[in-house]
Structures are given as structure tokens and as C-alpha cells.
Amino acid sequence: MKEINRQKPILVTGGTGYIASWIIKLLLEKGLDVRATVRDKSKSEKFKHLIEIAENSNGKFTIFEADLLKVGSFQEAMVDCELVFHTASPFMISGIKDAQKQLIEPALNGTRNVLNSAKENKSVKRIVLTASVVSMHGDAVDMQDTENGIFTDKDWNTTSTATHRPYSYSKTIAEKEAWKIAKTQNQFDLVTVHPGFVLGASLTKRKDSVSIDFMISLLNGKLKTGVPNLTLGIVDVRDLAKVHVAAAFNPEAEGRYIASAGSSTMLELANILQKKYLTKFKIPKMQLPKIMLYLFGPLQGFSWKYVSRNIGLPLKFDNSKSIKELGISYRPIEETVLDHAEQVIRDGLV
Ligand code: NAP
């Protein structure tokens, strides 16, 4: 396994993202030389928070332009880098009109693009890919087929397709492609990080990231009639950044790492908020009956197949590898939820 020279620049793709911003902050606070790619350099409001963080740190920070769909566009940013964090990938779970164009092509071709550039760029020694637990499981019901009734780093999503859970499908085929390319060479190691649903204070006032939009929706009344009886693996964005950095710098790190503090239903997450904010916000108080989801779900993008294979079913992820091998300690979900709520309220997003 390869040791990373900390004097060399480090590349983070998708620097404007909710998760990438925390990874960049952690690296800059360690005084490292960080490069971030953004899709459009002229949209500086999307990355001005990173410039501010850099100014208050001992690290060096440079912005590059690159698009997942433009072959070779990551090449320039990668020159001299030993370490690459590939986080950029579209994250959408609703309002998808063309899954192929919106999710599958950027996820798959983008991964190909970044890893092939790394192959050409002889300095790269390690790539840490932000994968997801959704490349380990398709639907909650799939847990019944696991060896010990829990998803582990050995599991693969075999049930998502371009029409059923296309985001999960995009992450699965992108990760498979990454491992395929990694096996064709021995210049760099690939390590993949698999977050559950990510929550926790954001470094920006952006509303269009799925995690942030979810927290806003729990508070602003959008979900006040109730939430589906859905269980999610949850991880704090700050802990997730630590998992990425540990996976990058620990020479022994290898393979796939689940990053999840534990599982919660949507109602349990809402109840944490309810206890603190009582009547101040229109927080959901109940679960929507399954029959209602069958009737109205398709209008909201929940197919019958989705409802029958996920609603009311447990979902568990084995996070022990990240604890044992990377030394991660996950903060309680309650702290994550309350910190995130405080941030969206403080930033005037609800
Ligand atoms: P996010 O805030 O929406 O960030 C996504 C990033 O990807 C943005 O920087 C975006 O750039 C970039 N991107 C999208 N399409 C691109 C393209 N064609 N070319 C270049 N960049 C592109 O989402 P996030 O929650 O931080 O997610 C980051 C990663 O974590 C993704 O790989 C996602 O699948 C994974 N993940 C997220 C969660 C979660 O709960 N949030 C859970 C598991 C895994 P723009 O700013 O230009 O749009």
C-alpha cells in the first residue's frame, strides 16, 4: 500500500458539493495544498466559502474547471497530485426526467474520465472514491438475502436498474467501473467510501443538495402531513470527511468502507427536531400509511415496486471496518440532526 507525500497537491473533484466542502476544509486545516474542480469557475458564489476557509487556514487552495462529461478535463488539475478524492457525481432522487442523461452518463463516464486521467498522470498513487451504501444494496428487502441480516462491504447492489432506483444504479455501475479500471494497473490504489444518508451542518447556504433539502423539508412544513416509514443509514458530514481523509492517508486502508453512524426512520429524525423545536416549525409527527403511498406515491416518484420493497422494512449497515481500520468514531445521530437544523435556521433557509 502506498504512502502519500503530504507536500504534494491533493485534488478534490466536485469541490462545490456539500460533502466535498467538508473534505476540503479538513485538508486545508491540516495545512495541505488543495485543488478543487468546479464545473463553472464563473459561478464563484458556489465556492466562495472555500476561498474564505482557505484564507483562514495554513493550506494552499486553487480552483480548476472540469466537467465529468468532458474527457480529459481533469488532467490539468491532477498534474503532480499523488492523492485524488473523486466526489463529483449527480445526486438526485426525485424529479428525474432522463436518468441516462442526468445520472448514469455523468456518474459512469465521469468516473471513467477521472480514473483514466489518473492512469495517464503518473504522479497519482491513491484515489478515494465517494461511492454510497446504495452500491451495496438496492432495496431494503434485499437485506433478507444477506449473510447475517446486515449489509457489509462484501455486498453489491444487484436490483437497481435505469428505471428502478436510477441514482442507486448510477452509483453501482460507476463504482464497478472504478474497480475495473483500478485492476488494469498498479500505479494507484483505489479505496471507496460508502456513506449512508448524509446529514449535518453545511458550510454553505446552498439549498439544492439533497441532504440539505431534506433537512429544510423536515422543518418548513413540506412534509407536515407525514413521512414514509422509511429507514436510512445516517452519517454526519463531518465524520464522513474524516473517513475520506483517513482512507487517504492510512497506507493500510484498502477496499470498501461503509460510513454510517447507525440507522433511523424518517420519523425518528423528525422526532429529534420535534423535541427541541416543539411548535416553532411544522415538523412531521406521523408516518404516512402504506396504502396512501401506493395511491399517491407514483405522483411523487415512488413507484409501487419501490413502496413494496422499502416501506416499513429495516435497513442496517455494518460500519465496523471504518471503526477498526480507520479509527473513526461516529457522533450520535441526534447531534448530527440538531446541528444541521441549527445551521439551516441560522442561515435563513427555513
Ligand atoms: P452535492 O452537494 O449535490 O454535490 C455534487 C457535486 O457533484 C457538486 O459539486 C456538483 O457540481 C458535482 N457535479 C455534478 N455533476 C457534475 C458534472 N457533470 N461535472 C462536474 N461536477 C459535477 O452532493 P453531495 O451530497 O455532496 O454528494 C457528493 C457525492 O457523495 C456524490 O458522489 C454522491 O453520490 C455521494 N453521496 C452522497 C450522499 C448524501 O447523502 N449526500 C450519500 C452517499 C453518497 P456543481 O456544483 O457544479 O453542480
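Up top is the structure these notes are about.
A. Quick look at the sheet that holds strand 3 (residues 60-65). Strand order in this open sheet of 7 strands is 3-2-1-4-5-6-9, and the pairing throughout is parallel. Of all strands in the sheet, those bounded by a partner on one side alone are strand 3 and strand 9 (255-259). Each strand axis lies, on average, 20° off the axis of its neighbour in the sheet, ignoring direction. This element, helix 5 (residues 166-182), spans strand 5 (126-130), strand 6 (189-195) and strand 9 of the sheet and lies at about 165° to strand 6.

B. A look at the pattern of salt bridges. Per the stated rule, a full pass over the model turns up 19 salt bridges. Across the pair arginine 331 and aspartate 236 runs a salt bridge, and its minimum N-O distance is 3.7 Å. One end of the pair, arginine 331, is in the loop between helix 11 (320-326) and helix 12 (333-346); the other, aspartate 236, is in strand 8 (residues 231-236), with 95 residues separating them in the sequence. Assigned by exposure class, arginine 331 and aspartate 236 land together as buried. What emerges from the salt-bridge pattern is a single network uniting Asp236, Arg238, Asp239, Arg331, Glu335 and Asp339.

C. Quick look at the pairing of strand 6. For strand 6, a buried count of 7 out of 7 residues is recorded, marking the element as mostly surrounded by other parts of the structure. Burial of strand 6 is two-sided: the residues Asp189, Val191, Val193 and Pro195 facing one way and the residues Leu190, Thr192 and His194 facing the other way are all buried. Summarising the sheet, strand 5 and strand 6 pair through 5 bridges and their orientation is parallel. The partner of arginine 126 across the bridge, within strand 6, is aspartate 189. You can see the chain leave strand 5, run along helix 5 and come back into strand 6, and the turn it takes is right-handed. Pairing between strand 6 and strand 9: 5 bridges, direction parallel. Across the sheet, the residue bridging to proline 195 is alanine 259, located in strand 9.

D. Quick look at the site of the ligand. Taken together, 27 residues lie around the ligand, and Thr16, Arg39, Tyr167, Lys171 and Ser209 are the ones closest in. The separation between an oxygen atom of the ligand and a polar side-chain atom of arginine 39 is 2.7 Å. One of the side-chain N or O atoms of lysine 171 is found 2.8 Å from an oxygen atom in the ligand. Isolated, the ligand exposes 890 Å² of accessible area, and the fraction of that covered by the protein chains is 93%. Elements supplying a minimum of two residues to the shell around the ligand: helix 1 (18-29), helix 5 and strand 7 (197-199). Split into classes, the residues belonging to the shell around the ligand amount to 12 nonpolar, 10 polar and 5 charged.

E. Examining the sheet that holds strand 8 more closely. Strand order in this open sheet of 3 strands is 7-8-10, and the pairing throughout is mixed. Both edges of this open sheet fall to strand 7 and strand 10 (262-265), since each of them pairs with a single strand only. Sheet twist, expressed as the mean angle between neighbouring strand axes with direction ignored, is 50°. Note: strand 8 against strand 10, 4 bridges, orientation antiparallel. Counted as the bridge partner of threonine 231 is threonine 265 from strand 10.

F. Representation of empty space enclosed by the protein within the structure. The full count for this structure, using the stated rule, is 1 cavity of 30 Å³ or more. The space that makes up the largest cavity amounts to roughly 70 Å³. If you go around the largest cavity, the residues you meet are His86, Thr87, Ala88, Ser89, Thr111, Leu129, Thr130, Ala131, Lys171, Ala174 and Glu175. Secondary-structure elements contributing two or more residues to the lining of the largest cavity are strand 5 and helix 5. It is helix 5 that provides the largest number of residues to the lining of the largest cavity, a total of 3 residues. Per-class residue counts for the lining of the largest cavity are 4 nonpolar, 5 polar and 2 charged.

G. Quick look at the layout of surface pockets. Put simply, the second largest pocket is a space of about 230 Å³. Forming the boundary of the second largest pocket are Glu45, Lys46, Lys48, His49, Glu52, Ser202, Leu203, Thr204, Lys205, Arg206 and Asp347.

H. Local environment of unusual backbone geometry. In the Ramachandran plot, arginine 165 falls in the positive-phi region, its phi being about 60° despite a non-glycine side chain. The phi dihedral of leucine 278 falls on the positive side, at around 40°, and the residue is not glycine. Structurally, leucine 278 can be placed in the loop between helix 8 (266-277) and helix 9 (290-300). On the accessibility criterion, leucine 278 (56% relative accessible area) is exposed.

Procedures and definitions
Residues numbered from 1 in each chain as written. Predicted model: local features only at pLDDT ≥ 70, side-chain atom pairs only at ≥ 80, totals over all residues. Heavy atoms only, no water. Pairing = 2+ DSSP bridges. Helix = DSSP H or I, 4+ residues; strand = E, 2+ residues; numbered from the N terminus. Axes fitted to C-alpha atoms, helices over the stretch in contact; angles between N-to-C directions. Contact = heavy atoms within 4.5 Å. Salt bridge = Lys/Arg side-chain N within 4 Å of Asp/Glu carboxyl O. Buried < 20%, exposed > 50% of the residue type's maximum accessible area, 1.4 Å probe, protein only. Right-handed = clockwise from strand over helix to strand, strands pointing away. Near = heavy atom within 4 Å. Polar contact = N/O pair within 3.5 Å; in protein donor to acceptor, adjacent residues only side chain to side chain. Areas by Shrake-Rupley, 256 points an atom, 1.4 Å probe, with all protein chains shown as cover. Nonpolar A, V, L, I, M, F, W, Y, C, P; charged D, E, K, R; others polar. 1 Å grid on protein atoms, 1.4 Å probe; cavity = no way out; pocket = protein on both sides within 12 Å on 5 of 7 lines; lining within 4 Å. Points joined across faces, edges and corners; volume = space filled by probe spheres on them.

Everything listed here is a matter of geometry and, on its own, says nothing about what the molecule does.
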